[in-house]
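# Residue-level structural notes
Okay, here's what each chain looks like letter by letter:
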Amino acid sequence: WTFSPRTAIGGMANYERVDYSRDLQFDRVGYDAQYAEVVLIRTLGPRSEFHVGPYYAHSKSDTGSNETDSIGGRLTWKYAASETSHMTVSAVAERNDITDFVPQPVDSESTEWGLEFSGYQRQRVGGIRYSIGRFLRPSTLGSRRTSDQVRVQWNRPLTPLTTFSLALRGMRDERIGGE
C-alpha cells in the first residue's frame, strides 16, 4: 500500500519444505518453515530506500525433534548505484523459543543477530553476485541456524541458452539454541 510518493507498507510470506529420502538422509533433517514479514518502506531518493519492520518465523523438523518460533525485526537499506549495480545492507535481531523433543521435551530461548551485505554488479558480459555476513535461516540441521558466510558468484553467458557459472563460498553454520 502506498501512503505517499515516498512511503509505503509491504509484506512477504514464505513457506519452505525440505524433504530427504530416508536412504540419503545421513546427518541432514528435512523441515517445514514459514516466514511472514511486514515492512515500512521509505524512499530516500531516486536510487535509495530504507525498510524497517517485524517478522515471525516458525521451523519444525520433519523428524519431530525440534520446533522453533522466532520473532524479530529487520532494518534494511537498498541502494542502486546504477541500472546495472545494486546492493543491500540489513541488520537483523530475533528472539527464539526453541523446543527440543529428543530425548525428552526441553524448552530454551535465545537471542540472535545478523548483519547481511549483498549485491549484484552486471558487467558487459555476465555479472557478479555477492553476499557476506551472518544470516539467520531455517536449516537441514533440524532447527534454525546462524550462517556466517562469504559468497561470490560469477556468471558469463556463452550462448543465448548456456551460461558458465563459477561460485566460491565459505561458511560456518551453527544451530540456534543448541550444540
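Everything discussed here concerns the structure shown above.
Here's what I pulled together on the structure shown here. All values reported here derive from a predicted model rather than from experimental measurement.

With that settled, the discussion passes to the overall build of the chain. Looking only at helices and strands, the chain features 0 helices and 10 strands. When the helices and strands of the chain are read in sequence order from the N terminus, they spell out β-β-β-β-β-β-β-β-β-β. Dimensions of the chain, computed from the C-alpha atoms along their principal axes, are close to 55 × 45 × 25 Å. A total of 179 residues make up the chain; the buried ones form 35% of that total. Of all intrachain contacts in the chain linking residues separated by at least 6 positions in sequence, the fraction that spans at least 24 positions is 48%. Looking at the chain as shown, the accessible area adds up to about 11200 Å², and 58% of this sits on carbon and sulfur atoms.

Next up on the list: the packing of aromatic side chains. By the definition in use, this model includes 4 aromatic pairs. Summarising the aromatic geometry, the rings of Trp154 and Phe164 are spaced 5.9 Å apart at their centres and angled 70° between planes, so their arrangement reads as edge-to-face. Linking Trp154 in strand S9 (residues 144-159) with Phe164 in strand S10 (residues 162-175), this pair joins segments that are 10 residues apart in sequence. By relative accessible area, which is 29% here, Trp154 ends up partly exposed. Overall, the relative accessible area of 40% leaves Phe164 in the partly exposed class. A cation sits over an aromatic face here: Arg134 above Trp113, 4.6 Å from the ring centre.

This brings us to the layout of surface pockets. What the largest pocket holds in volume is close to 390 Å³. Along its surface, the largest pocket is lined by 22 residues, and Met12, Tyr35, Arg74, Leu136 and Arg137 are the ones closest to its centre. Broken down by secondary-structure element, the contributors of at least two residues to the lining of the largest pocket are strand S2 (7-18), strand S3 (31-45), strand S4 (48-61), strand S6 (85-100), strand S7 (106-122) and strand S8 (127-138). The dominant element in the lining of the largest pocket, judged by the number of residues it contributes, is S8, at 5 residues. Class assignment of the residues belonging to the lining of the largest pocket gives a composition of 8 nonpolar, 7 polar and 7 charged.

Turning to the environment of Glu94, a few remarks are in order. With respect to the secondary-structure elements, Glu94 resides in strand S6. In this structure Glu94 comes out as buried when scored by relative accessible area, which is 2%. Between the alpha carbons of Glu94 and His51 there is a distance of 16 Å; along the sequence they are 43 residues apart. Apart from residues lying up to four places away in sequence, Glu94 is in contact with Tyr55, Ser70, Ile71, Gly72, Ser110, Thr111, Glu112, Leu136, Arg144 and Ile176.

Reading the values: rules and limits
Residues numbered from 1 in each chain as written. Predicted model: local features only at pLDDT ≥ 70, side-chain atom pairs only at ≥ 80, totals over all residues. Heavy atoms only, no water. Helix = DSSP H or I, 4+ residues; strand = E, 2+ residues; numbered from the N terminus. Buried < 20%, exposed > 50% of the residue type's maximum accessible area, 1.4 Å probe, protein only. Contact = heavy atoms within 4.5 Å. Areas by Shrake-Rupley, 256 points an atom, 1.4 Å probe, with all protein chains shown as cover. Phe/Tyr/Trp six-rings, centres within 6.5 Å; stacked < 30°, edge-to-face > 60°. Lys NZ or Arg CZ within 6 Å of the ring centre and 35° of its normal. 1 Å grid on protein atoms, 1.4 Å probe; cavity = no way out; pocket = protein on both sides within 12 Å on 5 of 7 lines; lining within 4 Å. Points joined across faces, edges and corners; volume = space filled by probe spheres on them. Nonpolar A, V, L, I, M, F, W, Y, C, P; charged D, E, K, R; others polar.

From the geometry alone we can't say anything about function, so treat these as descriptive.
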